[in-house]
Amino acid sequence: MKSGGNLEAVLNAGEFAITGELGPPRGTSIEAVREKAAHLKGMVDAVNITDNQTAVVRMASWATSLIVIEEGLEPNYQMVCRDRNRLAMQADILGASALGIRNILCLSGDHQQFGDHPRSKGVFDIDSIQLVNMVKNMRDEGKFLGGDDIDGPPKLFIGAAANPFGEPFEWRVHRLAKKLAAGADFVQTQCIYNMKKFRQWIDEANDMGLTEKIHILAGVTPFKSIGMARYMKNNVPGMDVPEDMIKRLKGAGKGKVATEGIKIACEQIEEFKEMKGVAGVHLMAIEWEHRVPQIVEQAKMLPRPVITPGSGEA
Amino acid sequence: MIVAEQKPIEEIMKMLHGFTKVLNLGCGGCTSICLAGGQKEVDTLSHDLRQKYADTGAAIEIGEHTIERQCNADFFFHLDDLVKEYQAVISMACGAGVQFVADRYPALPIFPALNTTFVGVDLDVGWYEENCRTCGDCVLGDTAGICPVTRCAKSLFNGPCGGTRLNGSCEVDKELPCAWYEIHQRLKSQDRLELITKVRPAREWVNQTRRTVIQAPYRDRYQK
């Protein structure tokens, strides 16, 4: 095993995986993290801990990850290229691995202009693909980006993101190929609503032989309301929400939209289970952590597999 | 060309506080071409300043002069005597010119009248666009002549991020084209997409300390 982590073991065992998401608090409350974590425990194989998501300052991703470990969950430590240069990144990667973090998700990061410090200086010393490659070389070659040897290399399962819906569409599968070539072990996708387009993307990835070499977790975010669906459609760049999805939510009637949203998400998960090249789902229930147990149950994904150490090895 | 914009007049007046005789020095180079700091703009700014000072009842004497370029010593010789008559100089050059003036007359306070904005091109009269961040390690040969350092909001090197909108614009602004969308479209039309399908490794940034260039034929002259 590359990392010795649970997510890697579950995926290597060929189990259909599920990851969740937890946004750190905008303050020092450990309790806030524990409360969110409690809803996710036993429900997901790993939980993404976001890194200043939407460019808004929050508790550090590594610190929140450590709290989550104490709560018996496996964190997927997110790291964006916006806020740190290669020195800070490598230092944090060493610390994270030393303290028991086993997964890292390498991201470019939302532009600082979106956040609460819109005139901060974006770092972008390296990009997300270069970050993947840096972690890969730290782990497998035991080398810092600058070329020096690492005294005790980090052990991390390396993740990247993919947005099958960003333009230009035909480029997106090549971007996935680049992330694989750079060293990514798994990929979590942007929230999927346009199933037809997603199928086209995954078919291309299958045809190129990529899905045999990289675990793809399909992104699922249940709609809580029609307003949320409209917001995602009109305001979140790179998001593709078909109009008939919104129509279906509207048809659910007053007070039943959230239930319908969860139903749609579960139907999607059922489809993903049968889809060649999809190794699991990434459930982003944004500020809806308490509904995760219900969603995972309804999607027939319980109980989560427990892999005995060593049995996941091929 | 280097493009610059005039600072708000209030900011310039704040810098000039306490001085009663200043020279407003224009530049005939880039800032003249981009209509920010040439002879005409020296006239206009001096006029506006006199008006503002008159309105507040404060006294100031503003001399006006424009030299061909504020970034080369050859154009300064006749200025050396002139500046002695003034307490301070307002420079209407880019940041490089302002510093060149300050280094030449170290005893004299120098104030920038402009904000140097970027290296760019003319889209039309009075309309300019940034195209180069002078990173010192040009990749345009691989990116279809479109600079990812300047024109991608995240200066990415390996293709568009997940934020490219359905109309091909950048996540930060619906009106701003995604540089990598454009790079992809142009390389595709040239049938050269293989240039961007390989992983481009982390770059060595060479613009983190002050740079000097000595061209090869002159190395014997300047380098001992």
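Our subject is the structure that appears above.
In this text the structure is predicted, and so the values were computed from the model without any measurement.

Visitor: Would you explain helix H5 (residues 95–104) of chain B in this entry?
Guide: Side chains three or four residues apart in an α-helix point the same way, a direct result of the helix having 3.6 residues per turn. All names here are of chain B. Looking at H5, one finds that the buried residues are Gly-97, Val-98 and Val-101. In a view along the axis of H5, the buried residues occupy a sector of 105 degrees, so they form one face of it. Facing away from the buried side of H5, by more than 90 degrees, are the exposed residues Gln-99 and Asp-103. Each element contacted by the buried residues of H5 is listed here: strand E2 (21–27), strand E4 (88–91) and strand E5 (110–112).

Visitor: Help me understand the interface of chain B and chain A in this model?
Guide: Bring the parts together and some accessible area is lost; that lost area is often taken as the interface size. Each side of the interface is counted separately: chain B has 30 residues, and chain A has 31 residues. When chain B packs against chain A, close to 2600 Å² is buried across both sides, 56% of that on carbon and sulfur atoms. Among the residues chain B hides against chain A, the three largest losses belong to Lys154(B), Asn158(B) and Leu166(B). Together they make up 21% of the total. On inspection of chain B and its partner chain A, the count reaches 1 salt bridge.

Visitor: Would you explain the environment of Ile2(B) in this entry?
Guide: Residues and elements named next belong to chain B. Examined against the element boundaries, Ile-2 turns out to sit in strand E1 (residues 2–6). With a relative accessible area of 27%, Ile-2 lands in the partly exposed category. Sequence separation of Ile-2 and Thr-117 is 115 residues, and the distance between their C-alpha atoms is 7.6 Å. The contacts of Ile-2, once residues within four sequence positions are left out, are Cys-30, Thr-31, Cys-34, Cys-94, Thr-116, Phe-118 and Val-119.

Visitor: Would you explain the sheet that holds E1(B) in this entry?
Guide: Consider a sheet: its strands pair through backbone hydrogen bonds, and that pairing is either parallel or antiparallel. Residues and elements named next belong to chain B. In spatial order, the strands read E1-E6-E7; together these 3 strands make up an open sheet with antiparallel pairing. The outermost strands of the open sheet, each flanked by one partner alone, are E1 and strand E7 (127–132). Strand-to-strand twist of the sheet, defined as the mean angle between neighbouring strand axes without regard to direction, takes the value 70 degrees. As paired elements, strand E6 (residues 114–124) and E7 share 5 bridges and run antiparallel to each other. If you follow Val-119 over to E7, its bridge partner there is Cys-132.

Visitor: What is the right way to look at the pattern of salt bridges in this model?
Guide: As a working rule, side chains carrying opposite charge can pair if their charged atoms are close by. Residues and elements named next belong to chain A. The full count for this structure, using the stated rule, is 36 salt bridges over all chains. Arg-82 is paired through a salt bridge with Asp-83; the nearest N and O atoms lie 2.6 Å apart. The class for Arg-82 is buried, based on a relative accessible area of 4%. A salt bridge links Glu-270 to Lys-300; the nearest nitrogen and oxygen atoms lie 3.9 Å apart. Of this pair, Glu-270 sits in helix H10 (residues 257–274) while Lys-300 sits in the segment after helix H11 (292–298), and the two are 30 residues apart along the sequence. With relative accessibility at 29%, the residue Glu-270 sits in the partly exposed group.

Visitor: Even after reading the chapter, I still don't get unusual backbone geometry, so can you show me in this structure?
Guide: Glycine aside, negative phi is the norm for most residues, and most peptide bonds take the trans geometry. That bond from Glu167(A) to Pro168(A) is cis: its omega, -15 degrees, falls within 30 degrees of zero. Among the secondary structure elements, Pro168(A) is positioned in the loop between strand E5 (157–162) and helix H6 (169–182). The omega torsion across Leu302(A) and Pro303(A) is -5 degrees, close enough to zero to call that bond cis. Here Pro303(A) lies in the segment after H11. A positive phi angle, close to 45 degrees, is found at Phe124(A), a residue other than glycine. The phi torsion at Leu35(B) lies on the positive side, around 60 degrees, for a residue other than glycine. Locating Leu35(B) in the fold gives a position in the loop between helix H2 (30–33) and helix H3 (39–56). A relative accessible area of 47% places Leu35(B) in the partly exposed class.

The rules behind these values
Positions within a chain are numbered from 1, following the residues in the order the chain's sequence is written. Here the convention is simple: chains get letters from A, ligands get numbers from 1, in the order in which they are written. Thresholds applied to this predicted model are a pLDDT of at least 70 for local features of residues and 80 or more for the giving and counting of side-chain atom pairs; totals over whole chains, interfaces and linings are not thresholded and use all residues. In computing side-chain values, all of the structure's heavy atoms are included and hydrogens and water are not. Relative accessible area decides the class of each residue, using a 1.4 Å probe on protein chains only: under 20% of the type maximum gives buried, over 50% gives exposed, and in between gives partly exposed. A run of DSSP states H or I qualifies as a helix once it reaches four residues; a run of E qualifies as a strand once it reaches two. Both are numbered from the N-terminal end. As used here, the arc is the angular range of directions from the helix axis to the C-beta atoms. Contacts are residue-level and defined by heavy atoms, with any inter-residue pair within 4.5 Å sufficient. Two parts placed together each lose some accessible area under a 1.4 Å probe, and the buried area is that loss summed for both. By salt bridge we mean one thing: a side-chain nitrogen of Lys or Arg within 4 Å of a carboxyl oxygen of Asp or Glu. Here, strands pair whenever DSSP counts at least two bridges between them. Axis definition: a line fitted to C-alpha atoms, limited for helices to the stretch in contact. Angles are taken between N-to-C directions and run from 0 to 180 degrees.

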